[in-house]
Amino acid sequence: MTKKLKVVTIGGGSSYTPELLEGFIKRYHELPITELWLVDVEAGKEKQDIIFNLCQRMIEHAGVPMTVHKSLDRREALKDADFVTTQLRVGQLKARELDERIPLSHGYLGQETNGAGGLFKGLRTIPVIFDIIKDVQEICPDAWVINFTNPAGMVTEAVFRHTNFKKFIGVCNIPVGMKMFITDVLKLTPEDDLGIDLFGLNHMVFIKDVLVNGESRFAELLDGVASGKLSANSVKNIFDMPFSEGLIRSLNLLPCSYLLYYFKQKEMLAIEMGEFYKGGARASVVQKVEKQLFELYKDPNLDVKPKELELRGGAYYSDAACEVISAIYNDKQTEHYVNIPHHGHVDNIPADWAIETTSIIGRDGARPHPRVTHFDEKVMGLIHTIKGFEVAASQAALSGEFNDVLLALNLSPLIHSDKDAEVIAKEMLLAHKAHLPNFAKTIEKLA
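Our subject in this report is the structure included herewith. No experiment lies behind these values; they were computed from the predicted model shown.

Observations concerning the environment of Ala143
Stage number 1. Along the polypeptide, Ala143 turns up in the loop between α5 (115-139) and β5 (144-147).
Stage number 2. Remark: the alpha-carbon pair of Ala143 and Val7, spanning 136 residues in sequence, is separated by 9.2 Å.
Stage number 3. When residues no more than four places from it in sequence are discounted, the contact partners of Ala143 are Ala81, Asp82, Phe83, Val84, Val136, Phe165 and Lys167.

A closer look at the side chain of Asp82
Stage number 1. With respect to the helices, strands and loops of the structure, Asp82 is situated in the loop between α3 (74-78) and β4 (83-86).
Stage number 2. Polar side-chain contacts of Asp82 include one of 2.8 Å to the backbone nitrogen of Lys6.
Stage number 3. Setting aside its immediate chain neighbours within four residues, Asp82 contacts Lys3, Lys4, Leu5, Lys6, Asp142, Ala143 and Trp144.

Quick look at the pattern of salt bridges
Stage number 1. Evaluation of the coordinates by the stated rule reveals 31 salt bridges.
Stage number 2. Across the salt bridge formed by Lys387 and Glu157, the nearest N and O atoms sit 2.5 Å from each other. Here Lys387, found in helix α14 (residues 380-399), pairs with Glu157, found in helix α6 (residues 152-162); they are 230 residues apart in sequence, far enough to count as distant.
Stage number 3. For Glu157, a relative accessible area of 1% translates into the label buried.
Stage number 4. With a closest N to O distance of 3.3 Å, Asp331 and Arg363 form a salt bridge. Taken together, the residues Asp331 in the loop between α13 (317-329) and β11 (334-341) and Arg363 in the loop between β12 (354-362) and β13 (365-368) connect sequence positions 32 residues apart.
Stage number 5. Given the relative accessible area of 54%, Arg363 is considered exposed.
Stage number 6. Each of Glu157, Arg161, Asp352, Lys387 and Glu390 takes part in one network of salt bridges that share partners.

Notes on α5
Stage number 1. Here α5 spans 36 Å end to end across 25 residues, near enough to the 36 Å set by a 1.5 Å rise per residue.
Stage number 2. In the structure, α5 departs most strongly from a straight axis at Thr125, where the bend amounts to approximately 30° and where the proline Pro127 lies between one and four residues downstream.
Stage number 3. For α5, the buried fraction is high: 18 of the 25 residues fall into the buried class.

Thresholds, definitions, all that
Residues numbered from 1 in each chain as written. Predicted model: local features only at pLDDT ≥ 70, side-chain atom pairs only at ≥ 80, totals over all residues. Heavy atoms only, no water. Helix = DSSP H or I, 4+ residues; strand = E, 2+ residues; numbered from the N terminus. Contact = heavy atoms within 4.5 Å. Polar contact = N/O pair within 3.5 Å; in protein donor to acceptor, adjacent residues only side chain to side chain. Salt bridge = Lys/Arg side-chain N within 4 Å of Asp/Glu carboxyl O. Buried < 20%, exposed > 50% of the residue type's maximum accessible area, 1.4 Å probe, protein only. Expected span 1.5 Å × (residues − 1). Bend = angle between axes of the 7 residues up to and from the residue.

No statement about biological role is implied by the geometric values presented.
Written out as structure tokens, the structure reads:
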């Protein structure tokens, strides 16, 4: 009898779950999952039920011997788990809307993983991730936790800085999109051996080399992006705007699309303010897409992942997640792009940082790739700034102290006034109070 392989997905009612299941089905020959448990909270029960029914139809259609379960009891679901995936959104999309709209109402970029919005998403999320880790350590201590919950860099930093849990890997779809872009532009086949030297922090990564069958093809990619012939923007949730030729050529690096928030701050703010004044925000768009997706998911005849899911900004992240799980389960020792601590592997950054980089993954987890031992000095100032913000944010999430929130906000390069930081901090703490239980005393003083 084959060994039972159990995966628990926390945030199972997410619109992304069908993509995750599609990834598992596609890899069933190498990742024979016998049980998939979908866990959610009471507020997500309706969506969880719809996703559960769709997952059952998908499994039946695929003809794989996998059973899917649903539960609102996380501890019950975690028993004997081998892998736990986390894809949760504390406060759901309504909270995201506040993360975007409150900063914009004060003339600041509103984005769910950067600046004030990213900070508050982290403050809501980190304590919940810590609770999950406590349960995993008690109930299924051998399980790996694969996290796709944003802000992934901040969450990974907090886990390795403030807990003793080691079996944790942060996954993001941005490097997946960049890899797809490279594969497409260079017209690569599955037989080609592609290596990408990627380094930085989550949502702040740069590519410094691309190797195809051992030969560098980086120069032609850089030339294409610099000259504007190629667009490297790989995500739906960021306005597609090319970086200037001068910037790309002077950096001699390929930045991910989230770097637009730092290198084109003025332009990105203008676009977002325009949307805000028209009554829109990215969260409003996502809520419409989500509503349409769940209408599709309800269709009793639908038994595959619908194409429309790719309109969500996080599309394809699950492919990365499934690949990471398979690499651990099968001890593949293959190349992936994940968030992990580097333990001094990179020679010019502090040894205790969690970073996003090209890594090798096998039975013992992820370790930075031998090719990436040095961060390019040209972008170290920006990387240090954002890491300072992440470290301060993870401290604030634990302490529940107003001054720790202020420190994190003031360290963000997207906030330009200490007075505004105070106003935004107060307003956002009050707006999110239902999902910030460890800030209860701080919020009481503000009210």
